[in-house]
Amino acid sequence: MKEYIKKYGVLTLIICFLIGAIGVYAYSQMQSRVPGKSVNGEDIVYSINNENVSANTLYDQMYDINGIGSVYLTFEKAVLDQAIETTQDMEDIAAYNAQQIIANYQSSYGDSYEDYIVSALRQSGYESIADLQPYLISQLKGEELVKTYLSENPDVYAAFEQEYQPRKVSHILVQMADSENPTEEELAKVQEIEDALAAGEEFGTVATEYSDDSSASSAGSLGWMDVNTNFVESFKEAALALNEGEVSDWVVSEYGYHLIKCDESTYETLSQDSDFVSNVLTSDVSLKPEAVWAKAQELGVDFNGNSDLEAQLKEYMLLEEGN
């Protein structure tokens, strides 16, 4: 549990909360359908004052209000709920994360914090803060589904790895006023670092002692990077050329001299990190819908002849023809 909690910063939680929950309310309404009731061959989702609302009508309403994106999120949640059991650990993590979001809103908006949260929730069809925790549980289920999908489909991860070259890196920076013309003092520090590493000191230990940036507090770690990471070109090129465990020669940038270490670059090591799935999904947003669709096929999804909805949904999910 601690690893999951560590992964979620408050800002990330709030962003996920605000942009990811659209359409879940529609799903909850579908769960309130009248058991076994149908009229003219259409399933009835619910009845109000003896007026029936069919599943098809509800989907039309959803599409008119929020577009196919809301239908997708409803579809996604249905798949996740069928595929992955809600565990006590998930409930504990979601409860903790919900508390963090509420605390942040309280800090930002004072006594009006609840109005702001409920306002955000209502844009997605929710009615109370109590609905926040189920949404966060759904996010945890989504990450579990993607991780399982990647482990069961090594060819999918291999294609991702080839395109994005994911890795975790650390560095040691000797900051320089003019990296093209280092001073004697700066070069002396470069030599001290080389001597310490040659003497067998760990890279992270040397980074903590010598690196001239904030990464020194985390043993030089810069975390996850890939081909799209916004690093200076000389640094990124050198970092992407390394295999796991390798250390570069000195790399010159506008900031000074860098030694770069590739801490992790294989699936075996990266997948053990608690932030693996969130990093993968940041790099390639199409992987989660792909995993959801694969699981839906396994569960036997049936669109009951609604080929237009199926086609729109697959297009929205960026699925290739034949999937």
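Quick caveat, the model's predicted, so the values are computed rather than measured.

Reading the values: rules and limits
All residue numbers here refer to positions counted from 1 along the written sequence of the relevant chain. Side-chain atom pairs in this predicted model are given and counted only at pLDDT of 80 or more, local residue features only at pLDDT of at least 70, and totals for whole chains, interfaces and linings cover all residues. Hydrogens are left out, water is left out, and the side-chain values use all remaining heavy atoms of the structure. All axes here are fitted lines through C-alpha atoms, helices being fitted over the stretch that makes contact, and every angle between N-to-C directions spans 0 to 180 degrees. Numbered from the N terminus, helices here are DSSP runs of H or I no shorter than four residues, and strands are runs of E no shorter than two. We call two directions roughly parallel when the angle between them is under 35 degrees, roughly antiparallel when it is over 145, roughly perpendicular when it lies between 65 and 115, and oblique otherwise. In what follows, a contact means two residues having at least one pair of non-hydrogen atoms within 4.5 Å. Residue polarity follows a fixed list, in which Ala, Val, Leu, Ile, Met, Phe, Trp, Tyr, Cys and Pro are nonpolar, Asp, Glu, Lys and Arg are charged, and the others, Gly among them, are polar. Only buried Ala, Val, Leu, Ile, Met, Phe, Trp, Tyr and Cys residues count toward a nonpolar core, and they belong to the same one when joined by side-chain atoms within 4.5 Å. Burial classes: relative accessible area under 20% of the type maximum marks a residue as buried, over 50% as exposed, and values in between as partly exposed (1.4 Å probe, protein chains only). Salt bridge, as applied in this entry: a Lys or Arg side-chain nitrogen positioned within 4 Å of an Asp or Glu carboxyl oxygen. Only when DSSP finds a minimum of two bridges between them are two strands counted as paired. Centre distance within 6.5 Å is the pairing criterion for rings of Phe, Tyr and Trp, where only the six-membered ring of Trp is used; planes under 30 degrees apart are then read as stacked, over 60 as edge-to-face, and the remainder as tilted. Take the far helix as your reference; a near helix turned counterclockwise from it by less than a right angle gives a left-handed crossing, and one turned clockwise gives a right-handed crossing. His residues and chain termini do not enter the charge count, which takes Lys and Arg as positive and Asp and Glu as negative.

## A word on the packing of helix α8 (residues 132-152) against helix α15 (residues 287-299)
- Look at α8 against α15: their axes get within 9 Å of each other, and the N-to-C directions meet at 80 degrees. One finds that α8 runs roughly perpendicular with respect to α15. On the side of α8, the interface is formed by Gln 139, Gly 142, Leu 145, Val 146, Tyr 149 and Leu 150, while α15 contributes Leu 287, Lys 288, Glu 290, Ala 291, Val 292, Ala 294 and Lys 295.
- Along the lines of polarity and charge, the residues of the contact of α8 with α15 split into eight nonpolar, two polar and three charged.

## Some thoughts on the nonpolar core
- Counting residues in each nonpolar core, the largest one holds 35 residues, and the members touching the most others are Phe 75, Leu 150, Phe 276 and Met 317.
- Looking at this core, the elements with two or more residues in it are α5 (68-83), α6 (88-109), α8, α9 (154-164), α14 (276-283), α15 and α16 (307-316).
- Take this core: its biggest share by element is seven residues, from α5.
- What Leu 150 contacts, discounting residues up to four positions off in sequence, is Val 156, Tyr 157, Tyr 267, Phe 276, Val 280 and Leu 287.

## Digging into the pattern of salt bridges
- Applying the stated criterion across every chain, the model contains seven salt bridges.
- Taken together, the salt bridges that share partners define one network made up of Lys 77, Asp 81 and Lys 141.

## Notes on the environment of Leu 299
- Within the fold, Leu 299 resides in helix α15.
- It is 7.8 Å that separates the C-alpha atoms of Leu 299 and Ala 83, two residues lying 216 residues apart in sequence.
- If near-sequence neighbours (up to four positions away) are discounted, Leu 299 is found in contact with Val 79, Gln 82 and Ala 83.

## Details of the sheet that holds strand β5 (residues 221-225)
- Strand order across the open sheet formed by four strands is β5-β4-β7-β6, with antiparallel pairing between neighbours. Strands at the two margins of the open sheet, each flanked by one partner only, are β5 and β6 (251-253). Each adjacent strand pair in this sheet contributes to an overall mean axis angle of 40 degrees, direction not counted.
- The pairing of strand β4 (residues 167-175) with strand β7 (residues 256-264) spans eight bridges and is classified as antiparallel. Of the residues in β7, the one forming a bridge with Gln 175 is Gly 256.

## As for unusual backbone geometry
- Phi at Gln 165 is positive, roughly 50 degrees, even though this residue is not glycine.
- One non-glycine residue, Leu 318, adopts positive backbone phi at about 60 degrees.
- With respect to the helices and strands, the residue Leu 318 is situated in the segment after α16.
- Residue Leu 318 is classed as exposed on the basis of its relative accessible area of 58%.

## Some remarks on the packing of aromatic side chains
- Taken as a whole, this structure holds 13 aromatic pairs when the rule is applied.
- The interplanar angle of 45 degrees and the centroid separation of 5.7 Å between the aromatic rings of Tyr 72 and Tyr 316 together place this pair among those described as tilted. Here Tyr 316 lies in helix α16 and Tyr 72 lies in helix α5, a separation of 244 residues in the sequence.
- Look at Tyr 72 and you get buried, because its relative accessible area is 6%.
- Tyr 316 gets classed as partly exposed once you look at its relative accessible area, which sits at 41%.
- Ring pairs connect the aromatic residues Tyr 157, Phe 160, Tyr 164, Tyr 267 and Phe 276, which therefore count as one cluster.

## Some words on the environment of Ala 98
- Mapped onto the fold, Ala 98 is located in helix α6.
- Considered as a pair, Ala 98 and Leu 136 are 38 residues apart in the sequence and their alpha carbons are 7.5 Å apart.
- The contact partners of Ala 98, leaving out residues within four places of it in the chain, are Leu 132 and Leu 136.

## Description of the packing of helix α10 (residues 184-198) against helix α11 (residues 203-210)
- Where α10 contacts α11, the axes come no closer than 10 Å and their chain directions differ by 155 degrees. Considering their axes alone, α10 and α11 lie roughly antiparallel with respect to each other. Taken as a pair, α10 and α11 cross one another with a handedness that is right-handed. Side by side, α10 and α11 meet where Lys 189, Glu 192, Ile 193, Ala 196 and Leu 197 of the first sit next to Phe 203, Val 206 and Tyr 210 of the second.

## Section: the side chain of Lys 236
- Mapped onto the elements, Lys 236 comes out in helix α12 (residues 233-240).
- No salt bridge is formed by the buried Lys 236, whose closest oppositely charged neighbour, Glu 233, lies at an N-O distance of 4.5 Å.
- Ignoring sequence-local partners within four residues, the contact set of Lys 236 consists of Met 225, Asp 226, Val 227, Asn 228, Thr 229 and Phe 231.

Geometric descriptors of this kind do not, in isolation, establish any biological role.
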